[in-house]
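Each chain, written out:
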Protein chains: 4
Amino acid sequence: MSYSRIVELEGHIIDSGMMGRCFGVIMDMDGWFSVEEFDIGTRRHEESYARMRVSAESIETLGEILHQLNQNGATLEDPIDAQVEPAPADKVVPAGFYSTTNHPTEIRYQGEWLSVDHIEMDCAVVVEPAPADERSSADEGHDANEPSAYTKTLNAIEKGDLVVLGEAGIRVHPPERPRSSEGSFGFMQGGVSSERPSTAQIGNVADAIEETKSRGGKVVCVPGPAVIHSGARNDLARLVRGGYVDAISAGNGFAVHDLERDLYGTSLGMDVETMKHPRKGHKHHIYTISEIIRAGGIEAAVEEGIVDDGIMYECVENDVPYVLAGSIRDDGPLPDTITDSIEAQNAIREQVRDADLVLMLATLLHSVAVGNCLPSTTRVVCVDINPATVTQLLDRGSAQAIGMVTDIGTFVPLLADDLLEG
Amino acid sequence: MSYSRIVELEGHIIDSGMMGRCFGVIMDMDGWFSVEEFDIGTRRHEESYARMRVSAESIETLGEILHQLNQNGATLEDPIDAQVEPAPADKVVPAGFYSTTNHPTEIRYQGEWLSVDHIEMDCAVVVEPAPADERSSADEGHDANEPSAYTKTLNAIEKGDLVVLGEAGIRVHPPERPRSSEGSFGFMQGGVSSERPSTAQIGNVADAIEETKSRGGKVVCVPGPAVIHSGARNDLARLVRGGYVDAISAGNGFAVHDLERDLYGTSLGMDVETMKHPRKGHKHHIYTISEIIRAGGIEAAVEEGIVDDGIMYECVENDVPYVLAGSIRDDGPLPDTITDSIEAQNAIREQVRDADLVLMLATLLHSVAVGNCLPSTTRVVCVDINPATVTQLLDRGSAQAIGMVTDIGTFVPLLADDLLEG
Amino acid sequence: MSYSRIVELEGHIIDSGMMGRCFGVIMDMDGWFSVEEFDIGTRRHEESYARMRVSAESIETLGEILHQLNQNGATLEDPIDAQVEPAPADKVVPAGFYSTTNHPTEIRYQGEWLSVDHIEMDCAVVVEPAPADERSSADEGHDANEPSAYTKTLNAIEKGDLVVLGEAGIRVHPPERPRSSEGSFGFMQGGVSSERPSTAQIGNVADAIEETKSRGGKVVCVPGPAVIHSGARNDLARLVRGGYVDAISAGNGFAVHDLERDLYGTSLGMDVETMKHPRKGHKHHIYTISEIIRAGGIEAAVEEGIVDDGIMYECVENDVPYVLAGSIRDDGPLPDTITDSIEAQNAIREQVRDADLVLMLATLLHSVAVGNCLPSTTRVVCVDINPATVTQLLDRGSAQAIGMVTDIGTFVPLLADDLLEG
Amino acid sequence: MSYSRIVELEGHIIDSGMMGRCFGVIMDMDGWFSVEEFDIGTRRHEESYARMRVSAESIETLGEILHQLNQNGATLEDPIDAQVEPAPADKVVPAGFYSTTNHPTEIRYQGEWLSVDHIEMDCAVVVEPAPADERSSADEGHDANEPSAYTKTLNAIEKGDLVVLGEAGIRVHPPERPRSSEGSFGFMQGGVSSERPSTAQIGNVADAIEETKSRGGKVVCVPGPAVIHSGARNDLARLVRGGYVDAISAGNGFAVHDLERDLYGTSLGMDVETMKHPRKGHKHHIYTISEIIRAGGIEAAVEEGIVDDGIMYECVENDVPYVLAGSIRDDGPLPDTITDSIEAQNAIREQVRDADLVLMLATLLHSVAVGNCLPSTTRVVCVDINPATVTQLLDRGSAQAIGMVTDIGTFVPLLADDLLEG
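Residues numbered from 1 in each chain as written. Chains lettered and ligands numbered in written order. Predicted model: local features only at pLDDT ≥ 70, side-chain atom pairs only at ≥ 80, totals over all residues. Heavy atoms only, no water.

Let us now look at the sheet that holds strand β5 (residues 83–86) of chain B. Residues and elements named next belong to chain B. Spatially, β5-β10-β8-β9-β7-β6-β11 is the arrangement adopted by the seven strands of the open sheet, whose pairing is mixed. Each of the sheet's edge strands pairs with one partner strand only, and the pair in question is β5 and β11 (170–172). Direction aside, the axes of adjacent strands within the sheet are offset by 35 degrees on average. (Pairing = 2+ DSSP bridges. Helix = DSSP H or I, 4+ residues; strand = E, 2+ residues; numbered from the N terminus. Axes fitted to C-alpha atoms, helices over the stretch in contact; angles between N-to-C directions.)

Here it is in structure tokens:
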């Protein structure tokens, strides 16, 4: 048993993305369709037309699909009137009222399409049967003897206003995305946002890591120094020890901060737990480098027992390979750091080519360098507190990406808890 | 005279946007097409297939169109081999070499499609005729007796490497945009950026204002206090005087800062030209409010000659109406400020309903309030130094928008010069 | 038993802050001092001079104090030579080497003060006994027959270089803070940073709340809508239920998002747990407002059982008073929202005047409004992911403030765990 | 002729900075002082006391100095009553009313110090002669028979309220800066802000460059790729040609973008003037590198006439030396790029050691690298649109710094106009 209805699309329906969105709506909502007519405009400025039969297994599903198609600019071939009901009291709309978008809208009333005046978002639509009041007719030049429709905010609703309900008999005209070559005004789309549910997103990242590991995949972590400064060092060390990280791609600074924490209990001279700066703390950074140079490198320092804790330690102990790429802002550097940028790129390339999931944690430079070597098919998770960094990293056409604007100092602990204790 | 070729699209070509992009490419480049076969997948997970004839008026244009279609995932029905040429020296590629994307890529060599190993962005493709060298065959499991192809960075090119040229015989597989309902990894798109050519963008805004005014349109300006602090007050005043602003929608703080500048020469107590803080400067803000209250309002203060300069002054003198909407962070407020938020919204609504172009200048609160009242057909220009503000304001589906991440203190002077002197 | 030494300060030691810093160093490190001579420059450009005896209970403490004084520009009255030791190998410095600041520095060698050439941060100082090598003498015009001193980075150290150790015989000249009126170049100081240890900082906030509550103090919470969008709603509700919040000062939007979550399970139309957007989800916001208007307000909606969960619910159930201040960007608003900004300010004023600790959570507008009503003696905790917001809120001279740049969606859960489970 | 008055300071006047600020106020305002008594607390938690005679050449200047000292916590030895005057009408305060800070405040009335109740910023102080009204007495436990004082916002003033005027008889207690070791709440200070008068700041930078050049000084410019993307290339080229830049320290990317603009008219594939993306524009970046490699380097490319425009061109033509430091995110790189980070650091070190003024333009990596090599005495100008970058770069104790949060695409053109046409 199935139900169906004919809908039409008109205009720049292909290159504006309208057709794609409509087909997507139908399929996402478990409906299906057959295209009955399809005239494609084949040159610029030519419009297209499509008529299709939309079907679903229940009348309710079909109704919801039609509502969504309508919000995306499709129209029913054979429309019915919009339903209206008087407001029961001032400021109170009838249940199920239609809430507007900010797109040009028409409602069908007594067999005619009325354009909704003063369209704006999140309003009710009130129908004024003929004769219309003076105000709206004056405003928009309606014939005073004809019915009209206009928006009202909830607090402006008066008892008895005829308010439009439901979804039938309403036609919305979303703007068409202009061609990029048609001038300076563009159709803008927003970027990443920090206003996403944080712990739910962290759960998704944990799931992706679990899923990658369970099928034998390779997880590469690209951490910046902020991981250490923000107090997340032990948690990343736990993840390395727990087998969730197969390789680390970082810089000289990251390793020095990690090792400083082990040798002196500080990060850039600050005790990460008490947040105090011990006297001479500012020298710990350069002293750490000096100690590791003296030992001959990180692995030697671990073997000599000089380093017995932290992320680099866990890498050595658990045979997790790391690349430390040099940069012109480095102190030292450590003997392990590859100072030539071409050699460093080749090392990164070797390391990430077969990666299945790359975790970029609060470093722009290293994340860009790693991203440059990745095919677009590799999954990427990019975490930074600066939305611009997340945007820049994700703006490279990776097919599969999670971008998260959050605090690395809370992200890594919560991720480690989720994977190791969850 | 025209030239044509058959191309094919396969996969989720509609809801991934691939088809729309391909049609767009053809039409943007002054080609045309006819669809010869079109099988649309009508349920989720079903793939579609389209075959079309692409035409153009010159063989060069057709070649460029085919290249772009290829980069977007279309393939020639009837492919030819890719062209190769040996590198003339170490690190030197032949002119016209093919530079890779990061998408899975194949090149056609001796009648066969070879998958390009180690795909990454901005590399050359090198073909290894049979027998392949051990390294690439070991890596990817090729038969050592077959030819292979792989990426090389420019600095890794060795004299004699067979480098792929041109655009023929190359097949690129861009990722399909996953459905939103198919898991947490999304297809991310970047947001606004500050890395756009600033003076060229300002020129575009000026053109849009000129164009709006020349056809009798209405320009509404929504300025924040930063316009005053950043030293752009005189330039906005010039624009009001010059007739480029038909209404101002702002807050109490904006007006007080503008008036303080007139009464005391300071903005929040700082002399905007010398950047010094005169003693007692911090009191000027509250003293200004007190003076205007005493006069009975801004218009009265202008008439009494207390105020004789600035944006509010130009509004009064040039009959440019303004709405000052109150907020809980206001000092005072001025007698002109509408303290009730519902009344203020209604005043804004009245003011912007027939706007043709809205200039939002460095204020989030007032821009959102104004944006809430606008239909999606109104042109919007949004300028702020904070990319997140620009993103948030443009993320509301306005059909026609310019977003610009720049310094309001340099934007307004350059815009005023462009419009008034340009 | 105590040990003491005479130190001297010279220059603009008072208004540059040098004297204050030196006194602070001594007292922080449990030393004490007596001022033996003090000539204060009493007009601009006059320099001051102070000589004082610095004391401590151990020779080690005295040594550390003297080192710190030295780093802050004080000099020993009676200096000794700096200690030097040859480097044991290339790139290896002797243990305890002196690591430079970027301030002009002298070292005492054979009874003379040598200026250290090429001063830069985080280097070793190498002494070249007479005769100096050609390079440094050519560079800086030293007499080739005199000893010289210059910086070397760690990787440039050669075996046998005479490296300066310890802290004695070293004189550092930190820059004096120029007067604000002396031109456009200022002494810049950095602002808040996200690179602080996050969980340790959250622990501090929890301690401050515990401490406030344990002495009967009042905690006022100022939450923004991001608390709901970021998934932290249940955690803030837990804190209200647990008695850690004595009053809430928020806006219409915050309450609507909280109530939408209860009525429809979404926040701005998105399911905060699954991150999916149910069809019609975008209408939940306006429908929620409509439901609460119909019920007559939040308290009535709780009593009728329409609302049975969330932050506003816990406020009603636990008699935690709330102020909802209106704004021009509100939808609705709810009947509980105070739409007049003067009335709303008065309500906030009444609410926060006797507050002991104010928690500002991811809202600029409401935090500024609340901050305007607070005396400088009230403790303030300000949390936002945007450093500019935190800076702006803390830039008001509150005597007692914690500013934290972090993700509200991880901050509130971790804070609630710390207070309720810790 | 001079006028003087005795003032007193009490509390943690040295390490809180109070004394330094007071001395600074006197000297900045052209007064002078002699310290008559000075008891310094010599251990932690001990308070200090200072009594001094403050003098000025006019009674007005003395009055202003005393007012400022008072705002900073000093008190007159021999106080007089505050002046009060009744408000002439509702909401209208008498001219010259005292506007509050948010610090605890007392006013002297009838010979007694009254604490001002409900202190908050930007209010008037109203004195209630005995008997006080019930409300304030109930609130704060005053004896109903005693006079009291409290704050009122301007809009709450009622006709006849006794409003405090002027500056005499008022005592303000600013918070003392707590020692860093005394717990987690700190005295926060704001960072850089974009809300500064932009064109005035650019004028200051131009003055500093002029001044440096006029005394034969060396200006080093550290530009990032955003200089090119944002359309400022020709303006920086003008400055090089005009002799305002003595050396350039940049990266491979900067040079490639500059050269791409010359060879193909695009920057990262976009035409910077029309903002269009020509077909194949995305390949221009890698093609440019290939061309320069083929020519053998930038200088060779200029000599061959391949490059005849732009910043690198002007450097070659005007013998302005440049260092291009490599990084792991580079494409290519160009033959001129130093790929080893140690070698690159040494080249930078050589280049900037004798710099007098360093212009850091929209690049974090290169600015940090250059900053690491600078003594604290070098003047630094740092321009970036991201406040966090400016804060980080200035947070290194440079004695002489201008930080500016602005758009590099408008900054460089305006700077070039100022220097070359101004």
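Note on the copies: chain B fits chain D at an RMSD of 0.1 Å, the axial shift is 0.0 Å, and the rotation between them is 180 degrees. The transformation just described matches what one would write down for a two-fold rotation axis. Within chain B, D407 of chain B has its C-alpha nearest the rotation axis, a separation of 2.7 Å. Of all interface residues in chain B, 100% are interface residues in chain D too; the two copies therefore contact each other through one and the same surface. (Least-squares fit on C-alpha atoms with pLDDT ≥ 70 in both. Contact = heavy atoms within 4.5 Å.)

Let's shift gears to helix α11 (residues 341–352) of chain B. Residues and elements named next belong to chain B. The terminal C-alpha atoms of α11, which comprises twelve residues, lie 16 Å apart, in line with the 16 Å expected from a rise of 1.5 Å per residue. If you check which residues of α11 are buried, you get S341, I342, A344, Q345, I348, R349, Q351 and V352. The opening residue of α11, the one whose side-chain oxygen lies 3.1 Å from the backbone nitrogen of I342, is D340. (Expected span 1.5 Å × (residues − 1). Buried < 20%, exposed > 50% of the residue type's maximum accessible area, 1.4 Å probe, protein only. Polar contact = N/O pair within 3.5 Å; in protein donor to acceptor, adjacent residues only side chain to side chain.)

A few words on the pairing of strand β6 (residues 105–109) of chain B. All names here are of chain B. Among the five residues of β6, five are classified as buried, and the element is accordingly described as predominantly covered. Across three bridges, β6 lies against β11 in antiparallel orientation. Bridged to I107 within β11 is I170. The pairing of β6 with strand β7 (residues 112–117) spans four bridges and is classified as antiparallel.

Attention now moves to the packing of aromatic side chains. Inspection of the entire model under this criterion finds eight aromatic pairs over all chains. Look at Y287 of chain A and F97 of chain C: their rings are 5.1 Å apart centre to centre, the planes differ by 45 degrees, and that puts the pair in the tilted class. Here the residue Y287 of chain A occupies a position in helix α8 (residues 284–295), and F97 of chain C occupies one in the loop between β5 (83–86) and β6 (105–109), the pair thus bridging two chains. Take Y287 of chain A and F97 of chain C: they sit in the same class, and that class is buried. Measuring from ring centre to ring centre gives 4.4 Å for F23 of chain B and F33 of chain B, while their planes differ by 15 degrees; the resulting arrangement is stacked. Here F33 of chain B lies in strand β2 (residues 32–39) and F23 of chain B lies in helix α1 (residues 18–28), a separation of ten residues in the sequence. Of the residues examined, F23 of chain B reaches a relative accessible area of 2% and is grouped as buried. (Phe/Tyr/Trp six-rings, centres within 6.5 Å; stacked < 30°, edge-to-face > 60°.)

Here we come to the interface of chain B and chain D. Many structure descriptions define interface size as the accessible area lost when the parts assemble. In this complex, chain B contributes 59 residues to the contact, which on the side of chain D involves 59 residues. Here chain B and chain D share an interface that buries about 4,900 Å² over both sides, 58% of which is from carbon and sulfur atoms. Summed over the shared surface of chain B and chain D, the result is zero salt bridges. Mapped onto the side of chain B that touches chain D, the elements with two or more residues apiece are α1, α2 (59–71), α4 (198–214), α5 (226–229), α8 (284–295) and α14 (408–420) of chain B. When grouped by side-chain class, the residues that make up the side of chain B that touches chain D number 25 nonpolar, 20 polar and 14 charged. (Buried area = accessible area lost by both parts, 1.4 Å probe. Salt bridge = Lys/Arg side-chain N within 4 Å of Asp/Glu carboxyl O. Nonpolar A, V, L, I, M, F, W, Y, C, P; charged D, E, K, R; others polar.)

Residues and elements named next belong to chain D. Taken as a whole and assessed by the stated rule, the structure comprises zero disulfides over all chains. Cysteine C382 remains unbridged, with the sulfur of C221 as its closest cysteine sulfur at 12 Å. Accessibility expressed as a relative area gives 0% for C382, which makes it buried. (Disulfide = S-S within 2.5 Å.)

The next point concerns the sheet that holds strand β3 (residues 48–56) of chain A. All names here are of chain A. Strands sit in the order β2-β3-β1-β4 across an open sheet of four strands; the sheet is antiparallel. Edge strands, defined here as strands with exactly one partner in the open sheet, are β2 (32–39) and β4 (75–76). Relative to β4, strand β1 (residues 3–11) is paired through two bridges, and the arrangement is antiparallel. Of the residues in β4, the one forming a bridge with V7 is L76. Packing against the sheet, helix α1 (residues 18–28) makes contact with β1, β2 and β3, and its axis sits at approximately 160 degrees to β2.

On to the environment of T410 of chain D, then. Within the secondary structure layout, T410 of chain D lies in helix α14 (residues 408–420). A sequence separation of 179 residues divides T410 of chain D from G231 of chain D, and the C-alpha atoms of the two residues are 8.6 Å apart. When residues no more than four places from it in sequence are discounted, the contact partners of T410 of chain D are S198, I202, T406, T410 and L414 of chain B.

So, on to the packing of α4 of chain B against α14 of chain D. Running from amino to carboxyl end, α4 of chain B crosses α14 of chain D at an angle of 100 degrees, the nearest separation of the two axes being 8 Å. The orientation of α4 of chain B with respect to α14 of chain D, classified from their angle, is roughly perpendicular. Contact residues: α4 of chain B offers S198, T199 and I202 of chain B, while α14 of chain D offers G409, T410 and P413 of chain D. Here the contact of α4 of chain B with α14 of chain D is composed, by residue class, of two nonpolar, four polar and no charged. (Parallel < 35°, antiparallel > 145°, perpendicular 65-115°, else oblique.)

Our next topic: the pattern of salt bridges. Per the stated rule, a full pass over the model turns up 73 salt bridges over all chains. Between E291 of chain B and R294 of chain B there is a salt bridge whose closest N-O contact spans 3.2 Å. Taken together, the residues E291 of chain B and R294 of chain B, both in helix α8 and three residues apart, mark about one turn of the helix. Judged by relative accessible area, E291 of chain B falls into the partly exposed class, the value being 27%. The shortest N-O distance in the salt bridge between E36 of chain D and R53 of chain D comes to 3.6 Å. Taken together, the positions of E36 of chain D in strand β2 (residues 32–39) and R53 of chain D in strand β3 (residues 48–56) put the pair 17 residues apart, joining distant regions of the chain. Within the structure, one salt-bridge network assembled from shared partners comprises D235, R238, D417 and E421 of chain A.

A few words now on α2 of chain B. Residues and elements named next belong to chain B. Its 13 residues place the ends of α2 18 Å apart at the C-alpha level, agreeing with the 18 Å of an ideal helix rising 1.5 Å per residue. Residues of α2 that are buried: L62, I65, L66, H67, Q68, L69, N70 and Q71. Packing partners of the buried residues in α2 comprise β1 (3–11), α1, β3 (48–56), β4 (75–76) and β11. Directly after α2, the chain includes G73, whose backbone phi takes a positive value near 105 degrees.

Phi is mostly negative for residues that are not glycine, and the peptide bonds are mostly trans. At the junction of G332 of chain B and P333 of chain B, the peptide bond is cis and its omega measures out at 0 degrees in the coordinates. Relative to the assigned elements, P333 of chain B resides in the loop between β16 (322–325) and α11. With a phi close to 50 degrees, D319 of chain C is a non-glycine residue in the positive phi region.

Attention now goes to the pairing of strand β10 (residues 162–165) of chain C. Residues and elements named next belong to chain C. Two strands pair when backbone bridges link them, and β5 and β10 are joined in this way by four bridges, in the antiparallel orientation. Across the sheet, P86 pairs through a bridge with L162, a residue of β10. Pairing between strand β8 (residues 124–128) and β10: two bridges, direction antiparallel. For V127, the partnering residue across the bridge sits in β10 and is L162.

Moving on, we come to the confidence of the model for chain A. Mean pLDDT over chain A stands at 86; residues scoring 70 or higher make up 88%. Contacts from residues 135–139 of chain A, a stretch scored under 50 in pLDDT, to residues over four places away or in other chains number nine contacts. (pLDDT = per-residue confidence, 0-100.)

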